[in-house]
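Here are the chains, one letter per residue:
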Amino acid sequence: MINDGPRIRREQRTVAAMIELYCRDEHGSTDDLCEECRTLHDYAMQRLERCPFGEAKSTCANCTVHCYKPVMRERVRVVMRTAGPRMIWKHPILAIRHVIDGRQRRAGDKPPVK
């Protein structure tokens, strides 16, 4: 099952922008992603395309299903920790939409902590 709706495409643009920021800042890439970041990018795009929740997906951080391999999940965490705060300056609309998406309850969300 390949997901290609607007929610998935927006999530793909957000993740791609974070990986690009990270690669430029941490690996000195100018035009293209380095091999390590290209591999992470391709993996993340594939995972989003095959998300079992489709358009009803939550942000990956709030999801109950962890479809990333542990190594890749940690790499994405590092990217988001590094590039996430800079997203508001470089890609403000994507950053704001990501925050809003993260606060909405959707299919696959973890139950709220009491």
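Structure: see above.
My aim in this report is to walk through the structure given alongside it, one point at a time. Predicted model only: the values in this text are computed from it and were never measured. (Residues numbered from 1 in each chain as written. Predicted model: local features only at pLDDT ≥ 70, side-chain atom pairs only at ≥ 80, totals over all residues. Heavy atoms only, no water.)

**Brief notes about the overall build of the protein**
Basically, it comes down to this: In this description a helix means any DSSP run of H or I spanning at least four residues, a strand means any run of E spanning at least two, and both kinds are numbered starting from the N terminus. For this measure, only C-alpha atoms enter the radius of gyration; the expected value for a globule follows 2.2 Å times N^0.38, where N is the number of residues. Only protein chains enter the accessibility calculation, which uses a 1.4 Å probe. A residue is then buried if its area is under 20% of the maximum for its type, exposed if over 50%, and partly exposed in between. Contacts between residues were defined by any pair of non-hydrogen atoms, one from each residue, lying within 4.5 Å. Only the protein chains shown count as cover for residues, with accessible areas throughout obtained via the Shrake-Rupley method and a probe of 1.4 Å. Positive: Lys, Arg. Negative: Asp, Glu. His and the chain ends are not part of the count. To locate a charge, the coordinates of NZ of Lys, CZ of Arg, CG of Asp or CD of Glu are taken.
Regarding its fold elements, the protein presents four helices and zero strands. Secondary structure elements of the protein, listed N to C terminal, follow the sequence α-α-α-α. Computed over the C-alpha atoms, the radius of gyration of the protein is 14 Å, within 12% of the 13 Å expected from 2.2 N^0.38 for a compact globule of 114 residues. When the backbone C-alpha atoms are referred to their principal axes, the protein occupies close to 40 × 30 × 30 Å. Burial statistics for the protein: of 114 residues in total, 38% are counted as buried. At a minimum sequence separation of 6, the contacts of the protein that also span at least 24 residues come to 78%. A total of about 7,100 Å² of accessible surface is found on the protein, and carbon and sulfur atoms cover 56% of it. The centroid of the 22 positive side-chain charges in the protein is displaced by 8 Å from the centroid of its 15 negative side-chain charges.

**Examining the pattern of salt bridges**
To keep it simple, the criterion reads: Here, a salt bridge means any Lys or Arg side-chain nitrogen found within 4 Å of an Asp or Glu carboxyl oxygen.
In total, this model carries ten salt bridges according to the counting rule given. A salt bridge links Arg10 to Asp101, with the nearest nitrogen and oxygen atoms 2.8 Å apart. Placement of Arg10 in helix 1 (residues 6–27) and of Asp101 in helix 4 (residues 92–103) is noted, with a sequence separation of 91 residues between them. In this structure Arg10 comes out as buried when scored by relative accessible area, which is 11%.

**Comments concerning the layout of surface pockets**
This is how the line gets drawn: Using protein atoms alone on a 1 Å grid, points that fit a 1.4 Å probe yet trap it form a cavity, whereas open point sets bounded by protein on both sides within 12 Å along at least five of seven lines form a pocket; residues with an atom within 4 Å of a point count as lining. Grid points are joined across faces, edges and corners, and a volume is the space filled by probe spheres set on the points. When residues are grouped by polarity, Ala, Val, Leu, Ile, Met, Phe, Trp, Tyr, Cys and Pro land in nonpolar, Asp, Glu, Lys and Arg in charged, and all others, Gly among them, in polar.
Volume-wise, the largest pocket comes out at about 660 Å³. Considering the residues around the largest pocket, the lining is formed by 33 residues, among which Thr59, Cys60, Ala61, Val76 and Met80 are closest to the centre. Elements represented by at least two residues in the lining of the largest pocket include exactly helix 1, helix 2 (35–49), helix 3 (70–90) and helix 4. Here the lining of the largest pocket gets seven residues from one element, more than from any other, and that element is helix 3. The residue inventory of the lining of the largest pocket, partitioned by class, reads 18 nonpolar, eight polar and seven charged.

**Looking at the nonpolar core**
Rules: To form a nonpolar core, buried Ala, Val, Leu, Ile, Met, Phe, Trp, Tyr and Cys residues must be joined to one another through side-chain atoms within 4.5 Å.
Counting 24 residues, the largest nonpolar core has Val15, Ile19, Cys37, Leu40, Tyr68, Val79 and Met87 as the members making the most contacts within it. Every element with two or more residues in this core is listed here: helix 1, helix 2, helix 3 and helix 4. When residues in this core are grouped by element, the largest group, nine residues, is from helix 1. If near-sequence neighbours (up to four positions away) are discounted, Leu40 is found in contact with Ile19, Met72, Arg75, Val76 and Val79.

**Topic: the side chain of Ser29**
Relative to the elements of secondary structure, Ser29 occurs in the loop between helix 1 and helix 2. The contacts of Ser29, once residues within four sequence positions are left out, are Cys23, Arg24 and Cys34.

**Topic: the packing of aromatic side chains**
Applicable threshold: When the centres of two rings from Phe, Tyr and Trp lie within 6.5 Å, Trp using its six-membered ring, the rings pair. Their planes under 30 degrees apart give stacked, over 60 give edge-to-face, and anything left gives tilted. In our convention, an over-ring charge means Lys NZ or Arg CZ found within 6 Å of a ring centre and within 35 degrees of that ring's normal.
According to the stated counting rule, one finds one aromatic pair in the structure shown. Ring geometry for Tyr43 against Tyr68: centres 5.4 Å apart, planes inclined by 90°, an arrangement best described as edge-to-face. Of the two residues, Tyr43 sits in helix 2 while Tyr68 sits in the loop between helix 2 and helix 3, which places them 25 residues apart along the sequence. Over the face of the ring belonging to Tyr43 we find Arg47, whose NZ or CZ atom lies 5.8 Å from the ring centre.

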